[in-house]
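Chain by chain, the residues:
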Amino acid sequence: MVKKKMDKPHHNTLLRFVTGILLLVATLTAEAQYNQVRLQATLILANNEGAPLDYRLDKVERSLRKIFGFKFYKFLGEDATAISLPSTLTLNPGHGCKLVIDASDAGDGKVRAQVRWIQDSVEVLSTSVRVKRRAPTILGGPAYGNGTLILSLTAE
């Protein structure tokens, strides 16, 4: 039996083709992962009447004090989901709060979010924000009980 050697030009072409396919797959996989995002909404009650410190607010409490000036901030609830961009999603962080968000890629590692905040069946806020990944975006909301509701929206 005679073995036929693969000639070098054909071998190099096949190698380049396979390498090109692998690079394309790697690029598409990286792009798909970049367009994946986990959005998290944290509902917070701000007031001046007292609340115990809550580790769940450690990342945002300093910013909240600077922006709103209340003395106390209480964690009320949160909701999160992972999506591919662009996408429309609904988050329900609790206490009658519902967020309808149209999310898309804003470039530079940011997510553009068109947010509709519905509180007890009434739309209280409609805004568009650019959310930097791993940095909370703070939205002030309606009066609630003896304080004000605040939302922290984070993308990861």
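None of these values were measured; they are calculated from a predicted model.

*Asks:* How should the overall build of the protein be read in this particular structure?
*Replies:* Regarding its fold elements, the protein presents two helices and eight strands. In sequence order, the protein lays out its α and β elements as α-β-α-β-β-β-β-β-β-β. Residue burial in the protein is summarised as follows: out of 156 residues, 35% are buried. At a minimum sequence separation of 6, the contacts of the protein that also span at least 24 residues come to 46%. About 9,900 Å² of surface is accessible on the protein, with carbon and sulfur atoms providing 55% of the total.

*Asks:* So what exactly am I meant to see when it comes to the pattern of salt bridges here?
*Replies:* Between side chains of opposite charge, a pair can form when the charged atoms approach closely. This model, assessed by the stated rule, comprises three salt bridges. Residue Arg-65 pairs with Glu-61 through a salt bridge whose shortest N-O separation is 2.5 Å. One end of the pair, Arg-65, and the other, Glu-61, are both in helix α2 (residues 61-68), four residues apart, so they sit about a helical turn from each other. A residue is classified by how much of its surface remains accessible, and Arg-65, at 36% relative accessible area, is partly exposed. Classification of Glu-61 as buried rests on a relative accessible area of 10%. The partner of Glu-123 in a salt bridge is Arg-116, and the shortest N-O contact between them spans 2.8 Å. Overall, the relative accessible area of 42% leaves Glu-123 in the partly exposed class. By relative accessible area, Arg-116 is classed as partly exposed at 34%.

*Asks:* Help me out: how do you make sense of the packing of aromatic side chains in this one?
*Replies:* By convention here, two paired aromatic rings are described through the distance between centres and the angle between planes. Summed over all chains, the structure comprises zero aromatic pairs. For Arg-56, the ring lying beneath its charged end belongs to Phe-75, and the centroid distance is 3.8 Å.

*Asks:* Could you clarify how one ought to interpret the sheet that holds strand β8 (residues 147-155) in this entry?
*Replies:* In sheet architecture, strand pairing relies on hydrogen bonds along the backbone and comes in two forms, parallel and antiparallel. Sheet architecture is open: four strands sit in the order β2-β1-β8-β7, paired in antiparallel fashion. Of all strands in the sheet, those with a lone pairing partner are β2 (72-84) and β7 (137-144), marking the two edges. Each adjacent strand pair in this sheet contributes to an overall mean axis angle of 20 degrees, direction not counted. One ladder, built from six bridges, connects β7 with β8; its direction is antiparallel. Bridge pairing in β8 links Tyr-144 to Gly-147. Helix-sheet contacts for α2 involve β1 (36-47), β2, β7 and β8, and the interaxial angle to β2 is about 115 degrees.

*Asks:* Just checking my understanding: could you explain the nonpolar core for this structure?
*Replies:* It is characteristic of soluble globular proteins that their nonpolar side chains tend to be buried jointly. With 25 residues, the main nonpolar core has Leu-99, Ile-101, Ala-103, Val-115 and Leu-151 as its most contacted residues. Every element with two or more residues in this core is listed here: β1, β2, β3 (87-94), β4 (97-107), β5 (110-119), β6 (122-132) and β8. In terms of residue count, β1 provides more of this core than any other element does, five residues in total. Ignoring anything within four residues of it in the chain, the contact list for Leu-99 reads Ala-41, Leu-89, Thr-90, Leu-91, Val-115, Arg-116, Trp-117 and Leu-151. Of all hydrophobic cores here, the second largest spans nine residues; its members include Ile-44, Leu-57, Leu-64 and Ile-150.

Conventions and cut-offs
- Residues numbered from 1 in each chain as written.
- Predicted model: local features only at pLDDT ≥ 70, side-chain atom pairs only at ≥ 80, totals over all residues.
- Heavy atoms only, no water.
- Helix = DSSP H or I, 4+ residues; strand = E, 2+ residues; numbered from the N terminus.
- Buried < 20%, exposed > 50% of the residue type's maximum accessible area, 1.4 Å probe, protein only.
- Contact = heavy atoms within 4.5 Å.
- Areas by Shrake-Rupley, 256 points an atom, 1.4 Å probe, with all protein chains shown as cover.
- Salt bridge = Lys/Arg side-chain N within 4 Å of Asp/Glu carboxyl O.
- Phe/Tyr/Trp six-rings, centres within 6.5 Å; stacked < 30°, edge-to-face > 60°.
- Lys NZ or Arg CZ within 6 Å of the ring centre and 35° of its normal.
- Pairing = 2+ DSSP bridges.
- Axes fitted to C-alpha atoms, helices over the stretch in contact; angles between N-to-C directions.
- Core = buried A, V, L, I, M, F, W, Y, C linked by side-chain atoms within 4.5 Å.

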